[in-house]
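Below, each chain spelled out in residue letters.
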Amino acid sequence: MAKKPLNVGMVGYGFMGRTHSNAFSQVNHFFDVPFRPVLKATCARDAAKAKAFAEQWGYESIETDWRKLVERKDIDVIDIASPNDTHHEIAIAAAKAGKMVMCEKPLGRSAKESRQMVDAVEKAKVPNMVWYNYRRVPSVTLAKQLIDEGKLGRIFHYRAKFLQDWTISKDLPQGGQGLWRLDVDVAGSGVTGDLLAHCIDTALWLNGGITKVSGMTETFIKERHHNITGKTETVGIDDASLFLARFANGSLASFEATRYARGHKALYTFEINGENASIFWDLHDLHRLQYFDHRDEGRTRGWRSLHITDGDHPYMDKWWVPGLQIGYEHTFIHQVADFLGAVGGGKAAAPTFRDALATDLVTDAVLRSAKTGLWESANG
Ligand code: SOE
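Calculation notes
Residues numbered from 1 in each chain as written. Predicted model: local features only at pLDDT ≥ 70, side-chain atom pairs only at ≥ 80, totals over all residues. Buried ≥ 20, exposed ≤ 12 C-beta atoms within 10 Å, placed from the backbone. Helix = DSSP H or I, 4+ residues; strand = E, 2+ residues; numbered from the N terminus. Contact = placed C-beta atoms within 7 Å. Domains from an automatic or database assignment. Nonpolar A, V, L, I, M, F, W, Y, C, P; charged D, E, K, R; others polar. Near = placed C-beta within 6 Å. Core = buried A, V, L, I, M, F, W, Y, C linked by C-beta atoms within 7 Å. Pairing = 2+ DSSP bridges.

A few words on helix H4 (residues 87-96). The element H4 is extensively covered by neighbouring structure, given that 7 of its 10 residues are classed as buried. Among the residues of H4, those classed as buried are His87, His88, Ile90, Ala91, Ile92, Ala94 and Ala95. Check the buried side of H4 and you find it contacts strand S1 (4-11), helix H3 (66-71), strand S4 (77-80), strand S5 (100-103) and helix H5 (111-124). Looking one or two places after H4, you find glycine 98, whose phi comes out positive at around 80°.

In this structure, leucine 179 sits in the loop between strand S7 (155-163) and helix H7 (184-187). With 48 residues separating them along the chain, leucine 179 and asparagine 227 place their C-alpha atoms 8.6 Å apart. Each residue touching leucine 179, except ones within four places of it in the same chain, is listed here: Pro173, Gln174 and Asn227.

In this section: the domain arrangement of the chain. Domain boundaries assigned for the chain yield domain 1 (4-133) and domain 2 (135-377). Taking the mean C-alpha position of each, domain 1 and domain 2 sit 23 Å from one another. At the interface, 37 residues of domain 1 touch 37 residues of domain 2. Counting residues per element, the ones that place at least two in the side of domain 1 that touches domain 2 are helix H1 (15-30), S5, H5 and strand S6 (128-130). In terms of residue count, the dominant contributor to the side of domain 1 that touches domain 2 is H1 (8 residues). Among the residues making up the side of domain 1 that touches domain 2, the classes are represented as 23 nonpolar, 10 polar and 4 charged.

With that out of the way, let us pick up the site of the ligand. The environment of the ligand is made up of Gln164, Asp194, His198 and Ala266. Of the residues assigned to the shell around the ligand, the class counts are 1 nonpolar, 2 polar and 1 charged.

Right, let's talk about the nonpolar core for a bit. Ile78, Ala91, Val101, Leu196 and Cys199 are the most contacted members of the largest nonpolar core, which has 110 residues in total. When residues of this core are assigned to domains, at least three fall in each of domain 1 (4-133) and domain 2 (135-377). Here alanine 91 is in contact with Ile80, Val101, Cys103, Met117 and Ala120, once residues within four sequence places are set aside. Listed in part, the 5 residues of the second largest apolar core include Leu182, Val184, Ala187 and Val235.

Next up on the list: the sheet that holds strand S13 (residues 267-274). The strand order S16-S15-S14-S13-S7-S12-S11-S8-S17 describes an open sheet built from 9 strands, whose pairing is mixed. Both edges of this open sheet fall to strand S16 (304-307) and strand S17 (376-377), since each of them pairs with a single strand only. The pairing of strand S15 (residues 288-293) with S16 spans 4 bridges and is antiparallel. Among the inter-strand pairings, glutamine 290 is bridged to a residue of S16, identified as serine 305.

As structure tokens, this is what we get:
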């Protein structure tokens, strides 16, 4: 059947602009979805950069002002892959213009911003989704299936970490391309919004709502040269963030994110312990899911290392042959496939803006708790 073209207007040309563009380009090669994404226009303030990106990825045209992109009649979906401080304004304008809106994580720099973005897309009734891509690692999706089928039984513990080490040098500046994540005005927060947000999104999806948190944060390097102002400026982001949490289902949790764990580049792990079984997952070994089932026969009971590459594993029937693994970029392709399928079927594609607001309510509570030293409610 002929697929309907879906014209994409991309804002941003960095790391995420590339992952999203690749996903739009690849999706029809592997997934049977009702739309054919067309890379219509890309937008960046710097015309030369926008042009180079458009040439590399095959965008038909460029804009240097996102307002012009949003106004264009030939654009169906606005995809926001630019730094965090741009999400709020662009998403609200795009929704008002009746466009579908896809937005990089975290949705807003705070739950306040995110709530206004939710209001805008819901009022305009436009399809919306946030790129929490780790939900679509096949092994993580399998974890969700196993939990929903009740294989773990009652859940007692959830434990997540996201460890990196790329900001340890005090000579690393803040601000500007690639380093805006260190500038609090642009990023909103440090590892809480950047890394813990991933852990929280997965946790809310797998284990339900978080009621209360008790957090602590630290900024190890207090001042850094700022690439935009040219001066040494106070660092306003959190370099490390840890919190304890209670889930609505009664389970207890611990979460940790840092950019100061020497030797770790993107070690996102989670472990869930249930009455009958446990699950462990590690981004560095993303095609595996570790599973322990206490109901196995005693003599051969132990942790099983499942290789998630078989045709009956989530998404894997669309890729190569059993035994051959896929990687990071595929999670974005899965996300586009699910988005297009949902839009075609008149359904919402998770995580929606509203789902992502729930994550921002937790990150806000963690940052609040780190300041007050008190347990804080994660329900806003
Ligand atoms: C930070 O280094 C970062 O790129 C995050 O911004 C991404 O969301 C994460 O997936 C990998 O790490």
